[in-house]
Amino acid sequence: WPALRCFELVSLEEVQDNNSGGILSTLIHSSSSWKKVWDNTMNNTTPSSVIDPTLLYRATIRGSPWTSYAWDKNNPGFVFWYEPHSSRFTYGMELTKTLSQEHVCTHIH
């Protein structure tokens, strides 16, 4: 996925399905267990070498340290502003520069 390009793949687990109800049943019922099939400490293997497209997997990913305080390395904050009529989108501390003269915040949730 393009949105996950900045993350490191840490591990992959595949489901050990004890249900016959399909993927949704597997995700809902606790009788399914997960088995680690790949992690980033395995030498000379790639995730694609263990993937079976007929099975269900879950991944553990890790972001850079700066992702704990922002969506963008150079623009701290997890707030965004979108105006559909003008297609304007801004986020992080950049909001205070671009919107401070135009809008007054009255409520935050």
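Here the structure is a predicted model, which means the values were calculated and not measured.

Take the overall build of the chain next. Tallying secondary structure elements over the chain gives two helices and five strands in all. Reading the secondary structure of the chain in the N-to-C direction produces β-α-β-β-β-β-α. With 109 residues in all, the chain has 22% of them scored as buried. In the chain, the share of contacts with a sequence separation of at least 24, taken over all contacts with a separation of at least 6, comes to 35%. Carbon and sulfur atoms provide 58% of the accessible area of the chain, an area that totals close to 8,600 Å².

Taking strand neighbours across the sheet as the criterion, the three strands line up as 2-1-3 in an open arrangement whose pairing is antiparallel. Looking at the sheet topology across the chains shown, the edges are occupied by strand 2 (33–39) and strand 3 (57–62). Strand after strand, the sheet turns through a mean of 30° between neighbouring axes, direction not considered. In this sheet, strand 2 lies alongside strand 1 (residues 8–16) in antiparallel orientation, the contact comprising six bridges. Within strand 2, the residue paired with Glu14 across the bridge is Lys35.

About the criteria used
- Residues numbered from 1 in each chain as written.
- Predicted model: local features only at pLDDT ≥ 70, side-chain atom pairs only at ≥ 80, totals over all residues.
- Heavy atoms only, no water.
- Helix = DSSP H or I, 4+ residues; strand = E, 2+ residues; numbered from the N terminus.
- Buried < 20%, exposed > 50% of the residue type's maximum accessible area, 1.4 Å probe, protein only.
- Contact = heavy atoms within 4.5 Å.
- Areas by Shrake-Rupley, 256 points an atom, 1.4 Å probe, with all protein chains shown as cover.
- Pairing = 2+ DSSP bridges.
- Axes fitted to C-alpha atoms, helices over the stretch in contact; angles between N-to-C directions.

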